[in-house]
Every structure is written in structure tokens, then in C-alpha cells.
Amino acid sequence: VQSDVMAYAYAGTRSFEAEGALDSFRVIGGLYAEAVQLVTMDPAIKSVADLKGKTVSIGAPGSGVYFNAVDVLAAAGLDEKTDIEARYQSFADSADALKDGKIDAAFIVAGAPTPAIQELCTSSTAALVPIDGEIAAKLTEGESSFYTTYTIPANTYKGQDKDVVTVTVKATLIVSTSASEDAVYNITKAIFDNVEAISAVHAKGAELSLENATEGMSVPFHKGAAKYFAEKGIEVEAK
């Protein structure tokens, strides 16, 4: 899950207001960055502020992408109802709409490189828009502290010749509270004792670390995961 959506569920906020707070899951660990990627094919859009008056896909209603997009827009002083023509589309639909010229920009939240964006950059002149400066500062403070700044390195996508700074949430592995301590300990150990092997077959494996796994979590860890991290000298809140 996205770390921000996990926080909403545990607190019973945003898309979980109707059903209320959920206490049926616990954290195993954070895995890798899910970057908030703002994609456009309009060379005139160079900043979030340039979205004013444009047609922008901001994710399916109530999705993690939607709330990320709304947060970014708000940090830039923009409102989804009055300042942009909002479209509520999936990754794939957003990519198709960009290619067809039906929208001017789209928010996509996923580990970079993201296949939908790779395809756009390969077949067209798509570009990433930075989410930095004061906007990033607002997003990484206070109630939105699950956001952190993140740099998408140059050449992650075709035609991207410079680093692009944005914000990110964290892909996080969670587990049911009914899972046994032994089972969760073994899952945690299998992942974090084998970072090198995982990295050999998946690029995101390089982001796996004990620090990344345990920092910035707003929900208690499962006792099985906490046991593993304690063996590595890291104490986490468990419940």
C-alpha cells in the first residue's frame, strides 16, 4: 500500500471516513519510493502553477493518486474545482488521453521508471514537471509528513536529460493482525536478508534497507516484524 493511504485507513480519514478507522492490519516494513510524477506533453507547462486553466488527470476518485494530486495542487494554491479542468482517470487512461491530446497533464504515482510513462517518453515528447521548492516544503511538513522529497535521476526516461525533483510516498508492506508472529518474522527475514538477490532481479530492490523499512511509519508494526528488526538493533513500535 501507499504509506499515506495506510495512514488514512488507520486514522479513519479521507477515503476511509465512511467506514471509520481500521485496526485490522500492521506494518511489515517500507519498501521503496512511489514518486508523485506529474507528466505533460505541453512544453509550456514547466511548473505546478502552470496547470491553472489546464485539463489535468488527478487519478480515480478516492484513490491514493487523487489525494496526492489534491495535496500538490493545494500546496501550489490551486483548487481542483475552480483552477483546473479535472479528469479522474487511471494510469493507463491518463497515458492514452495524453497521447490523444485530450488532457494537458496527468499525475501518476508509482516507482520510477513507470512503464506507462516510459511508453509515453518513447513514443512522444512527454516530460516530467518538478514538484519542488515551496510546494515540496509544504508537503513534507506537518500533517503531510508521510511525503518526502525525491530525485528522479536524469535518463530515467528517454529525453529526460536532467534530474527532476518531486515528492514521494512509500510503498509499504502490511499484514493482517491475525497473521502469526512466526510467519511475519519469516516474511520480514526473507525480504531483508536477501536484498542483494532481490536487487539482481528487480531495480527497486536497491532501495530495500533496514532504515527505509522502519522510518516514517505512522502505523504500528506487527510483532513478528518488530522481532526481526530488534535483532538488527532497531526498535520499532509494535502492537
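Look a little higher up for the structure.
Residues numbered from 1 in each chain as written. Predicted model: local features only at pLDDT ≥ 70, side-chain atom pairs only at ≥ 80, totals over all residues. Heavy atoms only, no water.

**Description of the environment of asparagine 186**
Next up, step 1: Within the secondary structure layout, asparagine 186 lies in helix H6 (residues 181-192).
Next up, step 2: Here the alpha-carbon distance between asparagine 186 and alanine 225, two residues 39 residues apart in the chain, equals 8.4 Å. (Helix = DSSP H or I, 4+ residues; strand = E, 2+ residues; numbered from the N terminus.)

**Some details on the pairing of strand S7 (residues 164-176)**
Next up, step 1: With 9 bridges joining them, strand S1 (residues 25-40) and S7 adopt antiparallel strand pairing. Opposite arginine 26, over in S7, you have valine 175 as the bridge partner.
Next up, step 2: Strand direction decides the pairing type here: strand S6 (residues 148-152) and S7, joined by 5 bridges, are antiparallel. For tyrosine 150, the partnering residue across the bridge sits in S7 and is threonine 166. (Pairing = 2+ DSSP bridges.)

**Concerning the nonpolar core**
Next up, step 1: Grouped together as the largest cluster of nonpolar side chains are 55 residues, with contacts concentrated most on Leu51, Ile58, Phe107, Ile131 and Phe229.
Next up, step 2: Elements supplying a minimum of two residues to this core: helix H1 (3-11), S1, helix H2 (64-75), strand S4 (105-110), helix H5 (133-139), S7, H6 and helix H9 (223-231).
Next up, step 3: Ranked by residues supplied to this core, first place goes to H2 with 7 residues.
Next up, step 4: With residues near it in sequence (within four places) discarded, phenylalanine 229 still touches Ile28, Thr188, Phe192, Leu210, Ala213, Thr214, Phe221, Ile234 and Val236.
Next up, step 5: One finds Val39, Ile103, Ile152 and Tyr157 within the second-largest nonpolar core, a separate group that totals 20 residues. (Core = buried A, V, L, I, M, F, W, Y, C linked by side-chain atoms within 4.5 Å. Buried < 20%, exposed > 50% of the residue type's maximum accessible area, 1.4 Å probe, protein only. Contact = heavy atoms within 4.5 Å.)

**Overview of the environment of tyrosine 66**
Next up, step 1: Positionally, tyrosine 66 belongs in helix H2.
Next up, step 2: Note: C-alpha distance between tyrosine 66 and tyrosine 88 (22 residues apart in sequence) is 7.9 Å.
Next up, step 3: Residues in contact with tyrosine 66, not counting those within four places in the same chain, are Ile58, Gly59, Ala60, Glu80 and Tyr88.

**As for the pattern of salt bridges**
Next up, step 1: This structure, assessed with the given rule, holds 9 salt bridges.
Next up, step 2: A salt bridge links aspartate 23 to arginine 26, with the nearest nitrogen and oxygen atoms 3.2 Å apart.
Next up, step 3: For lysine 54, the salt bridge identified is with aspartate 42, shortest N-O distance 3.4 Å. With lysine 54 in the loop between S1 and strand S2 (55-57) and aspartate 42 in the loop between S1 and S2, the pair connects residues that are 12 residues apart, well separated along the chain.
Next up, step 4: A cluster of three or more residues bridged by salt bridges with shared partners is formed by Asp23, Arg26 and Lys239. (Salt bridge = Lys/Arg side-chain N within 4 Å of Asp/Glu carboxyl O.)

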